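Residues per chain, in single letters:
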Amino acid sequence: MPRPTAAQFAYGSATVVATTLALLLLFRTESGVGVAAAGTIALALGLLVAVRLPLPGHRTAEGTGRTTTASAAARTHHALEGIGAGERVPAARSSARPAARAGQHSLRR
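Predicted, not measured: the structure shown is a model, and the values here were computed from it. Throughout, residues of each chain are indexed from 1 in the direction in which the sequence is written. The predicted origin of the model limits local features to residues at a pLDDT of at least 70 and limits the giving and counting of side-chain atom pairs to 80 or more, whereas totals for whole chains, interfaces and linings rest on all residues. Side-chain measures were taken over the full set of non-hydrogen atoms in the model, leaving aside hydrogen atoms and water.

Peer 1: Explain the overall build of the protein here, please?
Peer 2: When its secondary structure is counted, the protein shows four helices and zero strands. Labels follow the DSSP assignment, with helices taken as runs of H or I lasting at least four residues and strands as runs of E lasting at least two, numbered in each case from the N terminus. In the protein, the succession of α and β elements from N to C terminus is α-α-α-α. Exposed residues in this analysis have more than 50% of their type's maximum accessible area, buried residues have under 20%, and partly exposed residues fall in between, with area computed by a 1.4 Å probe over protein chains only. The buried share of the protein, reckoned over its 109 residues, is 11%. We call two residues in contact when some of their heavy atoms are within 4.5 Å. In the protein, the proportion of contacts linking residues at least 24 apart, taken out of those at least 6 apart, comes to 50%.

So this is what it looks like as structure tokens:
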């Protein structure tokens, strides 16, 4: 099970506080049972909000209009190919020196 993100903590906590205040002010309860019920409802709603937040880097359902990390990377790669950016990247240089023997330091000749 993945750890909760900072956004999940923030939204969940804000939901708990706001819901508790709203329920206490709306019902004007003064009994311990009413306060406990408002707190329980607020905690349940805060947990629901935190769990329902999408996690970063996870794919979403097709057709929702949300961008996934993989599709964004594919579009960027396609755009770079379109402007010829792949041709501007220099090729790897071949080493003029022979490969170092196993066990020898690379600075020794």
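Next comes the rest of the description.
Peer 1: Which parts of the structure should I look at to understand the side chain of Gln-8?
Peer 2: Note on placement: Gln-8 falls in helix H1 (residues 6-27). Apart from residues no more than four positions distant in its own chain, Gln-8 is found in contact with Arg-3, Ala-50, Val-51, Leu-53 and Leu-55.

Peer 1: Looking at this structure, how should I read the environment of Leu-45?
Peer 2: On the secondary structure map, Leu-45 appears in helix H2 (residues 32-52). Separated by 33 residues in sequence, Leu-45 and Gly-12 have C-alpha atoms that sit 8.0 Å apart. In this view, Leu-45 contacts Thr-15 and Thr-19; residues no more than four positions away in its chain are not counted.

Peer 1: Honestly, the packing of H1 against H2 in this entry has me stumped. Any pointers?
Peer 2: Axis lines are fitted through C-alpha atoms, for helices just across the contact stretch, and the angle between N-to-C directions can take any value from 0 to 180 degrees. The geometry of H1 relative to H2 is characterised by a closest axis approach of 8 Å and an angle of 150 degrees between their N-to-C directions. As summarised for this structure, H1 and H2 are arranged roughly antiparallel, according to the angle between their axes. The two elements H1 and H2 cross, and the hand of that crossing is right-handed. Here H1 contributes Gln-8, Tyr-11, Gly-12, Thr-15, Val-16, Thr-19, Thr-20, Leu-23 and Leu-24 to the contact with H2, which in turn contributes Val-35, Ala-38, Ile-41, Ala-42, Leu-43, Leu-45, Gly-46, Val-49, Ala-50 and Val-51. Amino acid classes used here: Ala, Val, Leu, Ile, Met, Phe, Trp, Tyr, Cys and Pro are nonpolar; Asp, Glu, Lys and Arg are charged; the rest, including Gly, are polar. Residues of the contact of H1 with H2, tallied by class, amount to 13 nonpolar, six polar and no charged. Our angle categories are set so that under 35 degrees counts as roughly parallel, over 145 as roughly antiparallel, 65 to 115 as roughly perpendicular, and the remainder as oblique. A crossing counts as left-handed when the near helix is turned anticlockwise from the far one by less than a right angle, and as right-handed when that turn is clockwise.

Peer 1: I'm lost on H1 in this one. Help?
Peer 2: Note: α-helices contain 3.6 residues per turn, so residues at a spacing of three or four share the same orientation. The span expected for a helix works out to 1.5 Å for each residue beyond the first. With 22 residues, H1 should cover 32 Å at 1.5 Å per step; its first-to-last C-alpha distance of 32 Å lies within 8% of that length. Among the residues of H1, those classed as buried are Gln-8, Gly-12, Thr-15, Thr-19 and Leu-23. Within H1, the buried residues cover an arc of 60 degrees as seen down the axis, which keeps them to one side. Turned more than 90 degrees off the buried face of H1, the exposed positions are Ala-6, Phe-9 and Leu-25. Tucked inside the fold, the buried residues of H1 contact H2. Backbone geometry just after H1 places Arg-28 at a positive phi near 45 degrees. Within this analysis, the arc is defined by the directions that extend from the helix axis to the C-beta atoms.

Peer 1: Please clarify how the environment of Ala-50 should be interpreted in this entry.
Peer 2: Positionally, Ala-50 belongs in helix H2. Classification of Ala-50 as buried rests on a relative accessible area of 16%. Taking the C-alpha atoms as reference points, Ala-50 and Gly-12, separated by 38 residues in sequence, lie 4.8 Å from one another. Aside from chain neighbours lying at most four places away, what touches Ala-50 is Gln-8 and Gly-12.

Peer 1: How do you make sense of a nonpolar patch on the surface when you look at a structure like this?
Peer 2: Candidates for patches are residues over 30% relative accessible area with no salt bridge; among them, like charges are joined within 9 Å and nonpolar side chains (Val, Leu, Ile, Met, Phe, Trp, Tyr) within 5 Å. Only the protein chains shown count as cover for residues, and all accessible areas are computed by the Shrake-Rupley method using a 1.4 Å probe. Whenever a carboxyl oxygen of Asp or Glu lies within 4 Å of a side-chain nitrogen of Lys or Arg, that contact is scored as a salt bridge. Together, Val-17, Leu-21 and Leu-25 make up an exposed nonpolar region whose accessible area comes to about 310 Å². Positionally, Val-17 belongs in helix H1.

In short, geometric facts, not functional conclusions.
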